[in-house]
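Observations on chain architecture
Each chain is listed here by its residues.
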Amino acid sequence: AQRVTQPEKLLSVFKGAPVELKCNYSYSGSPELFWYVQYSRQRLQLLLRHISRESIKGFTADLNKGETSFHLKKPFAQEEDSAMYYCALKWPAGNKLTFGGGTRVLVKP
Amino acid sequence: DTGVSQNPRHKITKRGQNVTFRCDPISEHNRLYWYRQTLGQGPEFLTYFQNEAQLEKSRLLSDRFSAERPKGSFSTLEIQRTEQGDSAMYLCASSTRRGRPGNTIYFGEGSWLTVV
């Protein structure tokens, strides 16, 4: 079965420190992976997707098919990065997403 | 705000009552999704429409749940004979068909349901 695992429920880092959110997936096909973010009192929104190979708000994520991982990284965390982060895998048929359980990031001043 | 719109945003109901949520997707988005999210969990897929056709339903969607999208625009999600286990955030999302891969799914703010 397709599954997305985010092993950390909470990550607490100081401002300016690096942050890495882990995401592992199990899927038999060619995955399409995303990171969604939810800031306090805001809706869930797309942060980045693996096919774009882009950096958004200083975040990057690399798909590692060998390790079936899609970890999210930022070298210097900012207070405004405090939010819930969800890793998600898209099924090829129907476009639906399977989400991980989420990681709360708290960036302390 | 021209994003996905959901109402009501909050609903408290007594066990056994019926509730209905409405979702207005982004204009011209032909795909519409319903997800459910409980505390401490990520969103879980419930069902998906392409235009007015309901193309997929999760096993999470029991017989007490019904979703419609009669004209291919807005959608409703009805829960009959609510149970305390139905308490959750119900999220609606929409997307277009074109532009695969990389089709972005946009989420609404959700409708909180509390069954007492």
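Everything here concerns the structure above.
Notes on the structure in this doc start here. All values derive from a computational prediction rather than experimental measurement.

Turning next to the overall build of chain A. A count of helical and extended segments in chain A gives zero helices and eleven strands. Across chain A, helices and strands are ordered from the amino to the carboxyl terminus as β-β-β-β-β-β-β-β-β-β-β. A compact globule built from 109 residues would reach a C-alpha radius of gyration of about 13 Å, and chain A, at 13 Å, matches this within 12%. Principal axes of the C-alpha set define a box for chain A whose edges measure 45 × 30 × 25 Å. Within chain A, the fraction of its 109 residues that count as buried is 49%. For chain A, the proportion of contacts with a sequence separation of at least 24, taken over those separated by at least 6, is 56%. When the 16 positive and 9 negative side-chain charges of chain A are each reduced to one mean point, those points stand 6 Å apart.

It is worth spelling out the nonpolar core at this point. Generally speaking, nonpolar side chains in soluble globular proteins are found buried as a group. Among the nonpolar cores identified, the biggest contains 25 residues, and Leu21(A), Trp35(A), Leu47(A), Leu48(A), Phe70(A), Leu72(A) and Tyr85(A) are the most heavily contacted of them. Ranked by the residues each element gives to this core, the list is headed by strand β9 (residues 83–90) of chain A, at four residues. Not counting residues up to four positions away in its chain, the partners in contact with Phe70(A) are Cys23(A), Leu33(A), Phe34(A), Trp35(A), Leu48(A), Arg49(A), His50(A), Ala61(A), Asp62(A), Leu63(A) and Cys87(A). Counting residues in each nonpolar core, the second largest holds 19 residues, with Leu46(B), Leu61(B), Phe65(B) and Ile79(B) among its members.

Before going further, it helps to examine the state of the cysteines. Scanning the model with the defined rule gives two disulfides over all chains in all. Between Cys23(A) and Cys87(A) runs a disulfide, and the two sulfur atoms are separated by 2.0 Å. The sign of the -65° torsion about the S-S bond sets the Cys23(A)-Cys87(A) disulfide as left-handed. Taken together, the residues Cys23(A) in the loop between β3 (19–21) and β4 (24–26) and Cys87(A) in strand β9 connect sequence positions 64 residues apart. Cys87(A) sits in the buried class, given a relative accessible area of 0%. With its sulfur 1.8 Å from that of its partner, Cys23(B) forms a disulfide with Cys92(B). With the S-S bond torsion at -70°, the cross-link from Cys23(B) to Cys92(B) turns out left-handed. On the criterion of sequence distance, the pair formed by Cys23(B) in strand β3 (residues 19–24) and Cys92(B) in strand β9 (residues 88–95) is long-range, its members being 69 residues apart.

A cis amide bond links Asn7(B) to the next residue, Pro8(B), at an omega of -5°. On the secondary structure map, Pro8(B) appears in the loop between β1 (5–7) and β2 (10–13).

Residues and elements named next belong to chain B. When you line up the elements, Leu91 lands in strand β9. On the basis of relative accessibility, which here comes to 4%, the residue Leu91 falls in the buried class. Between the alpha carbons of Leu91 and Arg36 there is a distance of 5.9 Å; along the sequence they are 55 residues apart. If we ignore the near neighbours within four places in the chain, the residues touching Leu91 are Gln6, Tyr33, Trp34, Tyr35, Gln37, Pro43, Phe107, Gly108, Glu109 and Gly110.

Calculation notes
Residues numbered from 1 in each chain as written. Chains lettered and ligands numbered in written order. Predicted model: local features only at pLDDT ≥ 70, side-chain atom pairs only at ≥ 80, totals over all residues. Heavy atoms only, no water. Helix = DSSP H or I, 4+ residues; strand = E, 2+ residues; numbered from the N terminus. Rg over C-alpha atoms; globule rule 2.2 N^0.38 Å. Buried < 20%, exposed > 50% of the residue type's maximum accessible area, 1.4 Å probe, protein only. Contact = heavy atoms within 4.5 Å. Lys, Arg positive; Asp, Glu negative; His and termini not counted. Charge placed at Lys NZ, Arg CZ, Asp CG, Glu CD. Core = buried A, V, L, I, M, F, W, Y, C linked by side-chain atoms within 4.5 Å. Disulfide = S-S within 2.5 Å.

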